[in-house]
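Given next are the chains, with one letter for each unit.
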Amino acid sequence: MASSLLSSPAKPCYPATRPPTPTLSSRAAAPRFAHGISAAVRASTSARRLRALARPIRASQQQPRRPEYVPNRIDDPNYVRIFDTTLRDGEQSPGATMTSAEKLVIARQLARLGVDIIEAGFPASSPDDLDAVRSIAIEVGNTPVGEEGHVPVICGLSRCNKKDIDAAWEAVRHARRPRIHTFIATSEIHMQHKLRKTPEQVVAIAREMVAYARSLGCTDVEFSPEDAGRSNREFLYHILEEVIKAGATTLNIPDTVGYNLPYEFGKLIADIKANTPGIENAIISTHCQNDLGLATANTLAGARAGARQLEVTINGIGERAGNASLEEVVMAIKCRGELLDGLYTGINPQHITLTSKMVQEHSGLLVQPHKAIVGANAFAHESGIHQDGMLKYKGTYEIISPEDIGLTRANEFGIVLGKLSGSHAVRSKLAELGYEISDKEFMDFFKRYKEVAEKKKRVTDEDIEALLSDEIFQPKVIWSLADVQATCGTLGLSTATVKLIAPDGEEKIECSMGTGPVDAAYKAVDRIIQIPTVLREYSMSSVTEGIDAIATTRVVITGDVSNNSKHALTGQSFNRSFSGSGASMDVVVSSVRAYLSALNKMCSFAGIAKASSEVHESVSVQSKE
């Protein structure tokens with residue numbers, strides 16, 4: 001696969017509005033390609049690749065319509081289903097805990113993005129997770145979106161036991177297209193040391209639990225042999241054959257510890273396709289972790305070898321080093337589909353940028369500036385040589401048009417915002433940036449915008465997005481900030497006075513001293529709210545350059561509020577972390593906003609979990625009576 005990719009020159013994936021890509025014949029004659037393609041390369045290039053080079057490749061070119069959904073088959077052999085597990089595997093990242101409301105917002109956005117299957121959570125892990133998956137199934141799983149009226153499959157994860165499967169079915173059964181995803185480990189190291197079961201016992205459990213899931217009325221059951229990348233081949237073929245007989249419609253092949261190299265993983269998928277009896281009655285899927293930085297490469301290798309469902313997350317978030325990144329996988333298929341045998345997806349890439357930002361804000365997990373596709377530097381050009389090429393023709397250094405993923409660049413449209421800008425101009429700017437918010441949300445944002453515009457000569461796109469994050473992408477407001485005043489310096493102790501508005505509307509004021517103004521302000525907040533917390537992470541960055549830049553603060557806290565949560569793979573209880581973000585031109589105010597954001601998320605989660613457990617206890621008591 002690598003040699004095939006190297007044998008073809010890179011082609012910019014620009015929309016039709018950009019200068020047309022020269023045909024093969026015109027390239028040979030054009031001055032900037034004076035050397036043409038060498039005779040050796042031409043001789044070794046297939047006729048199909050020559051045809052591909054002879055026409056422009058554009059990331060936004062029109063593709064066939066998404067095939068009608070059937071659980072165990074895809075009528076178009078070139079169509080690849082995108083299975084997003086941001087809300088399940090992604091949330092297992094430390095500090096990535098999201099409330100039910102946040103998960104619902106992201107699920108709606110994933111539906112707009114065009115995701116085929118949304119793995120909404122692990123319902124057996126906690127009452128809150130069950131409620132969140134149920135809410136997503138009811139709302140997102142029954143609401144058509146887009147021109148094609150797309151309704152995604154809503155999936156719930158479960159271990160291979162009846163209690164987990166019952167919880168998953170209770171959560172997803174309300175969706176138009178529900179799916180249960182059940183798994184059990186199949187590698188020798190996992191069976192021996194984690195499960196402490198024989199291979200025969202593991203096969204029997206898998207077969208029984210898939211059949212049990214089908215008996216509940218679920219016609220769409222996915223089975224995963226955990227750690228398949230290190231499992232014995234013959235054993236894999238056998239257990240997959242048995243679960244197909246039991247009713248599994250999708251077979252997910254996970255590289256659970258990110259151990260495989262691309263050629264290994266591609267061969268694994270090809271071998272399963274060639275040697276598993278009954279495989280024609282199921283869809284093969286991939287789930288690649290990124291421990292060696294190969295998740296995207298392994299996923300593409302699996303797709304080329306015959307997998308027709310790819311499990312990914314937004315921004316590649318997930319346990320340890322994360323998962324295969326949705327935006328990387330989708331755009332690779334979109335740009336290089338010809339070299340992947342014409343594969344295509346139903347994803348609308350115009351929603352990628354906004355979805356990425358939304359997940360960053362709600363999960364608290366920022367992407368590094370050099371992250372492919374969605375990083376801050378992904379379309380930045382500082383080198384003089386690169387800038388010269390970009391000014392002459394953007395395809396010289398950009399293989400993807402930023403507009404294809406819904407990214408607009410500030411210097412490409414004319415509206416410049418300042419303190420005299422009215423609401424209409426600000427709304428227009430929000431629309432250009434791809435944001436759709438309600439009238440109430442806009443009024444709250446516009447108030448904050450005016451406060452900043454009074455202090456800055458020019459409000460940039462980055463400023464706007466920081467303020468939007470601070471106003472819109474926030475958890476349910478339980479405690480809100482009224483005022484904060486701090487003093488600090490070398491002449492005395494730092495002090496802070498904080499006024500918060502309680503859930504009942506009462507104003508509460510506290511003063512405190514600390515090692516610095518932020519420490520003092522946080523101690524004052526703690527004295528008001530009186531919830532034991534531990535600050536795990538604290539970071540601050542400027543949104544733009546300049547002394548008047550907006551500061552964005554992010555924190556991660558833990559508190560003893562989530563002992564009911566269980567890890568999907570280990571089944572162990574764990575204490576959840578909660579992230580928060582805040583933005584302000586004052587660093588102390590920004591810090592307090594971030595701390596309150598995390599505390600509100602924790603309070604909201606604790607309140608929902610308590611309410612859910614009380615409901616479940618009441619139901620249990622009534623059933624006993």
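Given the structure is predicted, the values throughout are model-derived calculations rather than measurements. (Residues numbered from 1 in each chain as written. Predicted model: local features only at pLDDT ≥ 70, side-chain atom pairs only at ≥ 80, totals over all residues. Heavy atoms only, no water.)

J.: Describe the overall build of the chain, and please don't skip the residues or the numbers.
T.: The number of helices and strands found in the chain is 20 helices and 14 strands. A total of 625 residues make up the chain; the buried ones form 53% of that total. Restricting the contact set of the chain to residue pairs at least 6 apart, pairs at least 24 apart contribute 68%. When the accessible surface of the chain is split by element, carbon and sulfur atoms take 54% of a total near 27,600 Å². (Helix = DSSP H or I, 4+ residues; strand = E, 2+ residues; numbered from the N terminus. Buried < 20%, exposed > 50% of the residue type's maximum accessible area, 1.4 Å probe, protein only. Contact = heavy atoms within 4.5 Å. Areas by Shrake-Rupley, 256 points an atom, 1.4 Å probe, with all protein chains shown as cover.)

J.: If you had to explain the packing of helix α10 (residues 233-246) against helix α11 (residues 262-275) to someone new, which residues and values would you point to?
T.: Running from N to C, α10 and α11 point in directions that differ by 50 degrees, and their axes come no closer than 10 Å. With respect to α11, the axis of α10 lies oblique. Our pair here, α10 against α11, has a crossing hand that is right-handed. Listed contacts from α11 to Arg 233, Leu 236, Tyr 237 and Leu 240 of α10 are Glu 264, Lys 267, Leu 268, Asp 271, Ile 272 and Asn 275. (Axes fitted to C-alpha atoms, helices over the stretch in contact; angles between N-to-C directions. Parallel < 35°, antiparallel > 145°, perpendicular 65-115°, else oblique. Left-handed = near helix turned anticlockwise from the far one by under 90°.)

J.: Which residues make up the packing of helix α7 (residues 162-172) against helix α9 (residues 199-215), and what values do they have?
T.: Two elements in contact, α7 and α9, have axes whose closest approach is 10 Å; the angle formed by their N-to-C orientations is 30 degrees. Taken together, the axis directions place α7 and α9 in an arrangement best described as roughly parallel. Remark: the crossing between α7 and α9 carries right-handed chirality. Across the interface between the two elements, Lys 162, Ile 165 and Asp 166 of α7 pack against Glu 208, Met 209, Tyr 212 and Ala 213 of α9. Grouping the constituent residues of the contact of α7 with α9 by class yields 4 nonpolar, no polar and 3 charged. (Nonpolar A, V, L, I, M, F, W, Y, C, P; charged D, E, K, R; others polar.)

J.: Kindly report on helix α12 (residues 295-304), identifying the contributing residues and their values.
T.: Across the 10 residues of α12, 8 count as buried, placing the element largely inside the fold. Ala 295, Thr 296, Asn 298, Thr 299, Leu 300, Ala 301, Gly 302 and Ala 303 are the residues of α12 that are buried. Remark: Gly 306 follows α12 within two positions and exhibits a positive phi of approximately 130 degrees.

J.: Could you give an account of helix α18 (residues 461-471), naming the residues involved and the relevant values?
T.: Most of α18 sits inside the fold, with 9 of its 11 residues counted as buried. Those residues of α18 not exposed but buried are Asp 461, Asp 463, Ile 464, Glu 465, Ala 466, Leu 467, Leu 468, Ser 469 and Asp 470.

J.: Go over the sheet that holds strand β9 (residues 480-487), please, and point to the residues and values.
T.: Strand order across the open sheet formed by 3 strands is β9-β10-β11, with antiparallel pairing between neighbours. Looking at strand neighbours, the two that pair on one side only are β9 and β11 (507-514), the edges of this open sheet. Taken pair by pair, the neighbouring strands of this sheet meet at an average axis angle of 15 degrees, ignoring direction. Against the sheet, helix α19 (residues 517-529) contacts β9, β10 (494-501) and β11, and its axis sits at roughly 140 degrees relative to β11. (Pairing = 2+ DSSP bridges.)

J.: Before we move on, can you summarise a nonpolar patch on the surface with the specific residues and values?
T.: Nonpolar side chains collect at one region of the surface, where Leu 535, Tyr 538, Met 540 and Val 587 lie side by side and expose about 320 Å² of accessible area between them. It is strand β12 (residues 534-542) that contributes the most residues to the nonpolar patch, 3 residues altogether. (Patch = residues over 30% accessible without salt bridge, like charges linked within 9 Å, V, L, I, M, F, W, Y side chains within 5 Å. Salt bridge = Lys/Arg side-chain N within 4 Å of Asp/Glu carboxyl O.)

J.: Residue-level account of the nonpolar core, with values.
T.: In a soluble, globular protein the nonpolar side chains are often hidden away together inside. In this structure, Ile 154, Phe 223 and Ile 272 are the most contacted members of the largest nonpolar core, which totals 88 residues. Sort the elements by how many residues they give to this core and α10 lands first, with 8 residues. Other than its neighbours up to four places away in sequence, Ile 272 contacts Leu 236, Tyr 237, Leu 240, Ile 253, Ile 279 and Ile 284. Listed in part, the 27 residues of the second largest apolar core include Val 518, Val 555, Ala 594 and Phe 605. (Core = buried A, V, L, I, M, F, W, Y, C linked by side-chain atoms within 4.5 Å.)

J.: Can you lay out the side chain of His 190 for me, pointing to particular residues and giving the numbers?
T.: You can see His 190 is positioned in helix α8 (residues 188-195). Residue class for His 190 comes out buried when judged on its relative accessible area of 14%. If we skip the residues at most four places from it in the chain, His 190 touches Ala 185, Leu 195, Arg 196, Glu 226, Asp 227 and Arg 230.

J.: Go over the packing of aromatic side chains, please, and point to the residues and values.
T.: Applying the stated criterion across every chain yields a total of 7 aromatic pairs. Relative to Tyr 449, the ring of Phe 446 has its centre 5.9 Å away and its plane inclined at 20 degrees; by these criteria the two rings are stacked. With a gap of 3 residues between them, Phe 446 and Tyr 449 both fall in helix α17 (residues 439-453), about one helical turn apart. We note that Phe 446, like Tyr 449, is buried. Taken together, a centroid distance of 4.1 Å and an interplanar angle of 10 degrees make the contact between Tyr 522 and Tyr 595 stacked. Taken together, the positions of Tyr 522 in helix α19 and Tyr 595 in helix α20 (residues 587-624) put the pair 73 residues apart, joining distant regions of the chain. Under the relative-accessibility criterion, Tyr 522 is labelled buried at 7%. Assessed through its relative accessible area of 3%, Tyr 595 is described here as buried. (Phe/Tyr/Trp six-rings, centres within 6.5 Å; stacked < 30°, edge-to-face > 60°.)

J.: Before we move on, could you go through the pairing of strand β13 (residues 551-558) and cite the residues and values that matter?
T.: β13 sits mainly inside the fold: 8 of its 8 residues count as buried. Going residue by residue along β13, you find Ala 551, Thr 553, Val 555 and Ile 557 tucked away on one face and Thr 552, Arg 554, Val 556 and Thr 558 tucked away on the opposite face as well. One ladder, built from 8 bridges, connects β12 with β13; its direction is antiparallel. What sits directly across from Ser 539, in β13, is Arg 554. Pairing between β13 and strand β14 (residues 577-584): 8 bridges, direction antiparallel. Following the sheet pairing, Thr 553 is matched in β14 by Gly 582.

J.: If you had to explain unusual backbone geometry to someone new, which residues and values would you point to?
T.: The phi dihedral of Arg 196 falls on the positive side, at around 55 degrees, and the residue is not glycine. The residue Arg 196 is located in the loop between α8 and α9 in this model. The exposed category is assigned to Arg 196, whose relative accessible area is 70%.

J.: Go over the pairing of strand β1 (residues 81-84) with me, naming the residues and quoting the values.
T.: Burial of the side chains of β1 extends over both faces: Arg 81 and Phe 83 are buried on one face and Ile 82 and Asp 84 on the other. Relative to strand β8 (residues 309-312), β1 runs parallel, the two sharing 4 bridges. Counted as the bridge partner of Arg 81 is Gln 309 from β8. Inspection of the sheet shows β1 paired to strand β2 (residues 117-121) by 2 bridges, in the parallel sense. By the bridge assignment, Phe 83 is partnered in β2 with Ile 117.

Keep in mind these values describe shape, not function.
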